[in-house]
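Chain residues, written in single-letter form:
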Amino acid sequence: MACSSSGGATPASGGAQPVGTAAATPSPPPEHPFTGQPVASRRPVLAVKIENTSSGKPQLGLRSADLVFVEQVEGGLTRLMAVFSSKIPEKVGPVRSARISDLHLLPMFGKPALAYSGVQTRMVPLVRAASLFDVSDSAAPGAYFRQPGRVAPYNLFADTKKLLAGAPKATKAKDIGLEFGDAPEGGTPKKSFSVKYPAANFTFTWSAAQKRWLVTQDGKKDMAAEGGQLGAPTIVIQYAKTTRSEFHDFTGSYTPLIQTTGTGKAVVLRDGKAYKAEWSRSSEKAGTMFTTEGGEPITFSRGQVWIVLAAPKPVQP
């Protein structure tokens, strides 16, 4: 039995080592709540609205995102909201305008920074009241620049360090309900899975070599400005009721409102399989839980996650 030494005692010489000094096995770094990958520390959350039509491609920075949300916008097209925390790229873009559905998604992250370029005038009071730090091109103009070789409005990019400098109190990454780990039992082998919007089509194709689902949009490979095809180890198709909001663009086309609270069906793609799932989100401040049809938490592959918000049937609000 070991006992404490007296104050003036000196350690005994020789090869004997005191009891209890064996090197402890270092504990692994904690997992990031957005990716399931080890991280040394939690960093602030930065969400960026990014163009997702051929005019704005290739996009820059998406490869570094922890989460990529695909949202339907006016005219049946889509726009992305990329969420960064564990890895922050130097630059990101093209940055585009925010939508009402963003304001309903963001509270699950606490009070993150949101980078965007403009909103409809009637939405301004809602943005000001929302759970976010505004680092748009009007609130933090010094963080934005025009990328040579691109045409406006698809040439607006942002410096992420300057964006986060404009939101020093942005909430750090926290649990939003996602679970990571080994693949669940079951699942249906799938080489590809397609999602259709009124004016956009996505296909996610499994690459066993890269262990990712590669993204194709409207029949073309979705390439990153940094090189390579965009893709992620986990793709979630979250079927959410999509209706007409009170907002519309200058052409009169209504802005869809994606209802991301409540419950619904989902499909989780990982490891070359498709898993039928359910989703639930009790309130806007709560995260989204994804479970098997039997009610067990469904685990994602570690790494980037795409969450494709799609109507149960393609709908044009």
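In case you missed it, the structure is sitting above this.
Here's a quick rundown of the structure. (Residues numbered from 1 in each chain as written. Predicted model: local features only at pLDDT ≥ 70, side-chain atom pairs only at ≥ 80, totals over all residues. Heavy atoms only, no water.)

### Observations regarding the overall build of the chain
For the chain, the helix and strand inventory stands at 3 helices and 23 strands. Each principal axis of the C-alpha atoms in the chain carries an extent, and together these give about 85 × 50 × 40 Å. With 317 residues in all, the chain has 48% of them scored as buried. Residue pairs at least 24 apart in sequence account for 63% of intrachain contacts in the chain once pairs closer than 6 positions are excluded. Taken as a whole, the chain presents about 15,400 Å² of accessible surface, with 53% of it coming from carbon and sulfur. (Helix = DSSP H or I, 4+ residues; strand = E, 2+ residues; numbered from the N terminus. Buried < 20%, exposed > 50% of the residue type's maximum accessible area, 1.4 Å probe, protein only. Contact = heavy atoms within 4.5 Å. Areas by Shrake-Rupley, 256 points an atom, 1.4 Å probe, with all protein chains shown as cover.)

### Quick notes on the packing of aromatic side chains
Under the counting rule described, the total for this entry stands at 9 aromatic pairs. Centre to centre, the rings of Phe69 and Phe109 are 6.4 Å apart; their planes meet at 85°, and the pair counts as edge-to-face. Taken as a pair, Phe69 in strand 2 (residues 67-72) and Phe109 in the loop between helix 1 (100-105) and strand 5 (113-115) lie far apart in primary sequence, 40 residues in all. Ring pairs connect the aromatic residues Tyr197, Phe202, Phe204 and Trp306, which therefore count as one cluster. Cation over ring: Lys111 sits above Phe133, and NZ or CZ is 4.5 Å from the ring centre. The ring of Tyr254 is capped by Arg244, whose NZ or CZ atom sits 4.1 Å from the centre of that ring. (Phe/Tyr/Trp six-rings, centres within 6.5 Å; stacked < 30°, edge-to-face > 60°. Lys NZ or Arg CZ within 6 Å of the ring centre and 35° of its normal.)

### A few points about the pairing of strand 12 (residues 200-207)
Across a regular strand the side chains alternate sides, sitting on one face of the sheet and then on the other. As defined by bridge partners, strand 11 (residues 192-197) adjoins strand 12 across 6 bridges and the pair is classed as antiparallel. Each bridged residue has a counterpart across the sheet, and for Val195 the counterpart in strand 12 is Phe202. Remark: 2 residues form the turn of the hairpin made by strand 11 and strand 12, two consecutive strands paired antiparallel. Relative to strand 13 (residues 212-217), strand 12 runs antiparallel, the two sharing 6 bridges. In the strand pairing of strand 13, Phe202 is matched with Gln217. (Pairing = 2+ DSSP bridges.)

### Examining the nonpolar core
Phe204, Ile235, Ile237, Leu269 and Trp306 are the most contacted members of the largest nonpolar core, which totals 42 residues. Excluding anything up to four places from it in sequence, Ile237 contacts Phe193, Val195, Lys265, Ala266, Val267, Leu269, Val308 and Ala310. (Core = buried A, V, L, I, M, F, W, Y, C linked by side-chain atoms within 4.5 Å.)

### A few points about the side chain of Gln72
With respect to the helices and strands, Gln72 occurs in strand 2. When sequence neighbours within four positions are dropped, the list of residues in contact with Gln72 reads Leu77, Thr78, Tyr197, Pro198, Thr242, Pro256, Ile258, Val315, Gln316 and Pro317.

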